[in-house]
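Spelled out from the first residue to the last, the chains are:
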Amino acid sequence: MSLRQFEYALAVAEQGSVTAAAELLRVAQPSVSQQIRGLERELGVELFARTPTGLVPTVVGRAFLQEAEAAVSAARRARATARAGAEELVGELVVAVQMGFGTRQLPGALGALRRRFPRLEVTVFEEPSSAELDRLARRGALDLALMAACERTPADAHRLGYEEFVVVLGAGHRQLAADRVELGELAGEPWVRFDRDSALDGVLLDVLRNNDLPPTTAARVSQTATAVRWAAHGLGVTLVPASAVPPGYEHLVRPVFPAVSQPVIAVVRHSAGPAETALLELLSQESWSESAALSPVT
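Not measured: the values here are computed from a predicted model. (Residues numbered from 1 in each chain as written. Predicted model: local features only at pLDDT ≥ 70, side-chain atom pairs only at ≥ 80, totals over all residues. Heavy atoms only, no water.)

Quick word on the packing of helix α1 (residues 3–15) against helix α3 (residues 29–43)
Look at α1 against α3: their axes get within 9 Å of each other, and the N-to-C directions meet at 110°. Taken as axis vectors, α1 and α3 run roughly perpendicular relative to one another. Across from Arg4, Gln5, Tyr8, Ala9 and Val12 in α1, the residues of α3 making contact are Ser31, Val32, Gln35, Ile36, Gly38, Leu39 and Glu42. Looking at side-chain class alone, the contact of α1 with α3 contains six nonpolar, four polar and two charged residues. (Axes fitted to C-alpha atoms, helices over the stretch in contact; angles between N-to-C directions. Helix = DSSP H or I, 4+ residues; strand = E, 2+ residues; numbered from the N terminus. Parallel < 35°, antiparallel > 145°, perpendicular 65-115°, else oblique. Contact = heavy atoms within 4.5 Å. Nonpolar A, V, L, I, M, F, W, Y, C, P; charged D, E, K, R; others polar.)

Some remarks on a nonpolar patch on the surface
A grouping of Met1, Leu43, Val45 and Val60 is seen on the molecular surface, where their side chains present a nonpolar patch of about 310 Å² in accessible area. Among the secondary structure elements, Leu43 is positioned in helix α3. In this structure Leu43 comes out as partly exposed when scored by relative accessible area, which is 33%. (Patch = residues over 30% accessible without salt bridge, like charges linked within 9 Å, V, L, I, M, F, W, Y side chains within 5 Å. Areas by Shrake-Rupley, 256 points an atom, 1.4 Å probe, with all protein chains shown as cover. Salt bridge = Lys/Arg side-chain N within 4 Å of Asp/Glu carboxyl O. Buried < 20%, exposed > 50% of the residue type's maximum accessible area, 1.4 Å probe, protein only.)

A closer look at helix α8 (residues 224–232)
Among the residues of α8, those classed as buried are Thr224, Thr226, Ala227, Val228, Ala231 and Ala232. Summarising the contacts, the buried residues of α8 are in contact with β6 (158–168), β8 (191–194), α7 (199–210), β9 (217–221) and β10 (238–241). Of the residues trailing α8, Gly234 is marked for its positive phi of about 90°.

Structural notes on the pattern of salt bridges
When the charged atoms of two side chains with opposite charge come close together, those side chains can pair. Scanning the model with the defined rule gives six salt bridges in all. A salt bridge links Arg220 to Asp201, with the nearest nitrogen and oxygen atoms 3.2 Å apart. Of the two residues, Arg220 sits in strand β9 while Asp201 sits in helix α7, which places them 19 residues apart along the sequence. On the basis of relative accessible area, Arg220 is assigned to the partly exposed category, the value being 27%. Here Arg209 and Asp206 are joined by a salt bridge, their closest N and O atoms 3.5 Å apart. Taken together, the residues span about one helical turn, with Arg209 and Asp206 both in helix α7 at a distance of three residues. Of the residues examined, Arg209 reaches a relative accessible area of 55% and is grouped as exposed. A cluster of three or more residues bridged by salt bridges with shared partners is formed by Glu40, Glu46 and Arg50.

Pasting the structure below:
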């Protein structure tokens, strides 16, 4: 087996066909087909099921692809580390951020990183679930994860600061007259909530329980920007990290009492290379809320 075969199998799984995978990899289609057949012969299993809609990984194939992804990521990191010079760093950095956290800070840190290492390729994706972020990090698929602290927080996680949560109200809402909204005053309000397994919905549920508020659900959304927009139009109120409020909605946002905040951490893979170390340093230099003024959710 070779890393090339791993990369070809991952491309086929992503694209759903050999033809599309070949276009993505910029190689001839017969080369991809040959590599996949050779890999299946060597393993003695069928990695993909041929269906009318395309190639779909089998159960065994999905398990193999998880390990292949980790191996390819490790190889890319090794190449990047080997080729890193005093002023040059190339390769790919894979970053996952928990939805809603570090929305303001991460772009600034990544921009500074790219200016420092213009040949570095950075891939960033959002993941709402703490459990999934933890699983990806343990599997070695991530170089750095930015997330809220949780029960599974590793002992070597790096504490960056806090995200303060704010309530978003509809235009004309009576509580807009207050500088800070008492949570008890929101009794009876419907809430724009998030996916059930997301960290943001977990924070909201804890806040509602701690303040004896019923979790009346007006809608569930997958993105913080959508929650803010829907709350602004009066569908319900919502609770989001302050840094996640899109421009143009600041006048509909109020801090809450009791204050709500979550500690934000960065989890870096073991044996971190120069790219991860540099990004962690840049994130720590960004502006984060201080814990002294806030009370973390329990």
